[in-house]
Amino acid sequence: SASQPGSGGGDDKITMGFSQVGAESGWRTANTKSVQESAKTAGIELKFSDAQQKQENQIKAIRSFIQQKVDVIAFSPVVESGWDTVLKEAKNAKIPVILTDRAVDSADTSLYKTFLGSDFVEEGRKAGKWLVEEYKDSTETVNIVELQGTTGSAPANDRKAGFAEVIGADAKFKVIASQTGDFTRAKGKEVMEAFLKSNPDIDVLYAHNDDMGLGAIEAIEGAGKVPGKDIKIITVDAVKDGMQALADGKINYIVECSPLLGPQLMDLAKKVVAGEQVPTRVVTEETTFTQEQAKQALPTRQY
Ligand code: GYE
C-alpha cells in the first residue's frame, strides 16, 4: 500500500518485481505460469523479467525494480553466489526480497525475508536411495553418468551432493562421468552423446532434471541402446513429458520437484509487505514416482 516504504503507485495494489531464471525447461515454463496466474488471482501487479539464464540480466532487472520502487522483489537466482551487492541495494531502499525456488549463498541472511522452494539435497538423496535399492542384490560395479544442472546453481550443487552422499556408502557405485547439461534438452542430448562415445559400459544415467533426461534418451536411442533397460534413468521434476517417458518405460524413476510456487509466493509477499513476520524457510512438499505410479498420476497431472 501507499503507506509502505518502497511503494511505487498511489493506490493500494502491491507491485512485485519478479526476475525469472529463463525458459530452459518444462519445469520453468510451469513455474512462470504459476507465478503469473497467482499474481492475477491475488491482485498483485507483476513486473516480470526473463534473465535467459544470465546472472548479469538478473542483477539489471533487480536494479530496475529498485528504481521503479516496487513493493517487493522476488527472484529465482540462476546461481548461488555473487548477490550481496545488489541485495544490499534492495535492503537500503527498504524493499523486501523473497527468494523463490533457488537459494543464494550470502552469509548475511538479513538480505532476504524468506526462501520458498524445494529441498534439493533431499531430492538428490531420494534419487540415490532408489538406486541403492534397485541394485541391492548385485555385487558388480554400477557405472553411473551424471547430467548436472546449470553450473553453480543451487539445484545442481545440491542434487549432486545429496545423491553422492547416499551412493557413497557403497563402493560398487561409480560415477564415471559428470558434466553440466544446463537443464536443457539440447544440452542433455549433446553431453549424453559424448558420454556414450567415451564410455561403452554405462549402467545408469542420473539427470538433474527431466528435460536433460529426455534429451539423453534421444542420444541413447541414437546409439542403438534401449533407455530404461540397457541404461537405467533417474531424473528430477516430474513434468508431464518426463512422466510420460516414465510411464512408457524409458525412464525408471522420477523425484518430484514442484514448480507450483505461485500461490505461496503471493501469500508471503502480502505478509512481507504488510510488515508481518514470515518463516525464513518454506519448503515445498514433494513425492517420488515409479513407472506404475506415473501411469496412475498422468491423467490428472497439472504440469
Ligand atoms: O529442476 C529445472 C529447472 O530450479 C528447481 O530449474 C529448479 C530447476 C528445475 O530448469 O528443470
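With an unreviewed UniProt entry as reference, the protein is termed LacI family transcriptional regulator, source organism Planobispora rosea. Reading the Sequence similarities (unreviewed entry) entry of the UniProt record for the protein gives the comment "Belongs to the bacterial solute-binding protein 2 family."

Visitor: Help me out: how do you make sense of the overall build of the protein in this one?
Guide: When helices and strands are tallied, the protein shows ten helices and twelve strands. Computed over its C-alpha atoms, the radius of gyration of the protein comes to 20 Å, within 12% of the 19 Å expected for a compact globule of 303 residues. If you line up the protein on its principal axes, its C-alpha atoms span 65 × 40 × 30 Å. The buried share of the protein, taken over its 303 residues, is 50%. Intrachain contacts of the protein at a sequence separation of at least 6 include 75% that bridge at least 24 residues.

Visitor: Sorry if this is basic, but what is going on with the environment of D267 here?
Guide: Among the secondary structure elements, D267 is positioned in helix α9 (residues 262-273). By the C-beta count within 10 Å, which is 15 here, D267 ends up partly exposed. In the structure, D267 is positioned 226 residues away from T41 in sequence and 11 Å away in space, judged by C-alpha atoms.

Visitor: So what exactly am I meant to see when it comes to the confidence of the model for the protein here?
Guide: If pLDDT is low for a region, its predicted coordinates should not be looked at in detail. For the protein, the mean per-residue pLDDT works out to 96, and 96% of the residues sit at or above 70. Here helix α10 (residues 291-297) stands out as the element of the protein with the lowest mean pLDDT, 97, in contrast to strand β8 (residues 204-207), whose mean of 99 is the highest. Confidence estimates for the predicted assembly give a pTM of 0.95 and an ipTM of 0.99.

Visitor: Mind showing me how you'd approach helix α8 (residues 240-247) here?
Guide: For α8, the full list of buried residues reads G242, M243, A245 and L246. Buried residues of α8, viewed axially, fall in a sector of 160°; they line one side. For α8, the elements touching its buried residues are α7 (210-222), β9 (232-237), β10 (253-256), β12 (288-289) and α10. One or two steps after α8, the chain reaches G249, where phi turns positive at roughly 85°.

Visitor: Explain the site of the ligand here, please?
Guide: Neighbouring the ligand are 13 residues; S25, W27, P155, F183 and N209 lie closest to it. Listing elements by their share of the shell around the ligand, those giving two or more residues are α1 (26-42) and β9. Grouping the amino acids of the shell around the ligand by side-chain chemistry returns five nonpolar, two polar and six charged.

Visitor: How should the sheet that holds β8 be read in this particular structure?
Guide: Neighbouring strands of a sheet are bound in pairs by backbone hydrogen bonds; such pairs are parallel or else antiparallel. One open sheet holds the six strands; their spatial order is β7-β6-β8-β9-β10-β12, and the pairing between them is mixed. Strands with a single pairing partner mark the edges of an open sheet, and in this sheet they are β7 (173-180) and β12. By the bridge criterion, three bridges tie β8 to β9 in an arrangement that is parallel. Across the sheet, residue V204 finds its bridge partner in β9, namely K232. Those strands touched by α8 are β9, β10 and β12, and its axis lies near 150° from that of β10.

Visitor: Please clarify how the pairing of strand β3 (residues 72-75) should be interpreted in this entry.
Guide: On a regular strand, each side chain points to the face opposite its neighbour's, so the side chains alternate between the two faces of the sheet. Burial along β3 is two-sided: V72 and A74 and I73 and F75, pointing in opposite directions, are all buried. Direction of pairing for strand β1 (residues 15-20) relative to β3: parallel, over a ladder of four bridges. Residue pairing in the sheet places M16 in a bridge with V72 of β3. Between the parallel pair β3 and strand β4 (residues 97-100), the chain is carried across by helix α3 (residues 84-92), and the sense of this crossover is right-handed.

Visitor: Could you clarify how one ought to interpret the sheet that holds strand β5 (residues 114-117) in this entry?
Guide: Taken in spatial order, the six strands line up as β2-β1-β3-β4-β5-β11 in an open sheet, and their pairing is parallel. The strands lining the two open edges of the sheet, one partner per strand, are β2 (45-50) and β11 (281-283). Within the sheet, the average angular offset between the axes of one strand and its neighbour, ignoring direction, is 20°. Pairing between β4 and β5: three bridges, direction parallel. Bridge assignment links L99 to a residue of β5, and that residue is F115.

Visitor: Could you clarify how one ought to interpret the environment of G249 in this entry?
Guide: With respect to the helices and strands, G249 occurs in the loop between α8 and β10. Considered as a pair, G249 and P227 are 22 residues apart in the sequence and their alpha carbons are 7.9 Å apart. Leave out the neighbours within four places in its chain, and G249 touches G228 and Q291.

Visitor: Help me out: how do you make sense of unusual backbone geometry in this one?
Guide: Trans peptide bonds make up the majority, and among non-glycine residues the majority have a negative phi. Backbone geometry places Q52, a non-glycine residue, at a positive phi of 50°. Along the chain, Q52 falls in the loop between β2 and α2 (55-67). The residue D182 is not glycine, and still its phi comes out positive at about 55°. Within the secondary structure, D182 sits in the loop between β7 and α6 (185-198).

Criteria and cut-off values
Residues numbered from 1 in each chain as written. Predicted model: local features only at pLDDT ≥ 70, side-chain atom pairs only at ≥ 80, totals over all residues. UniProt positions renumbered as here; feature names shortened; annotations may be inferred. Helix = DSSP H or I, 4+ residues; strand = E, 2+ residues; numbered from the N terminus. Rg over C-alpha atoms; globule rule 2.2 N^0.38 Å. Buried ≥ 20, exposed ≤ 12 C-beta atoms within 10 Å, placed from the backbone. Contact = placed C-beta atoms within 7 Å. pLDDT = per-residue confidence, 0-100. Arc of directions from axis to C-beta. Near = placed C-beta within 6 Å. Nonpolar A, V, L, I, M, F, W, Y, C, P; charged D, E, K, R; others polar. Pairing = 2+ DSSP bridges. Axes fitted to C-alpha atoms, helices over the stretch in contact; angles between N-to-C directions. Right-handed = clockwise from strand over helix to strand, strands pointing away.

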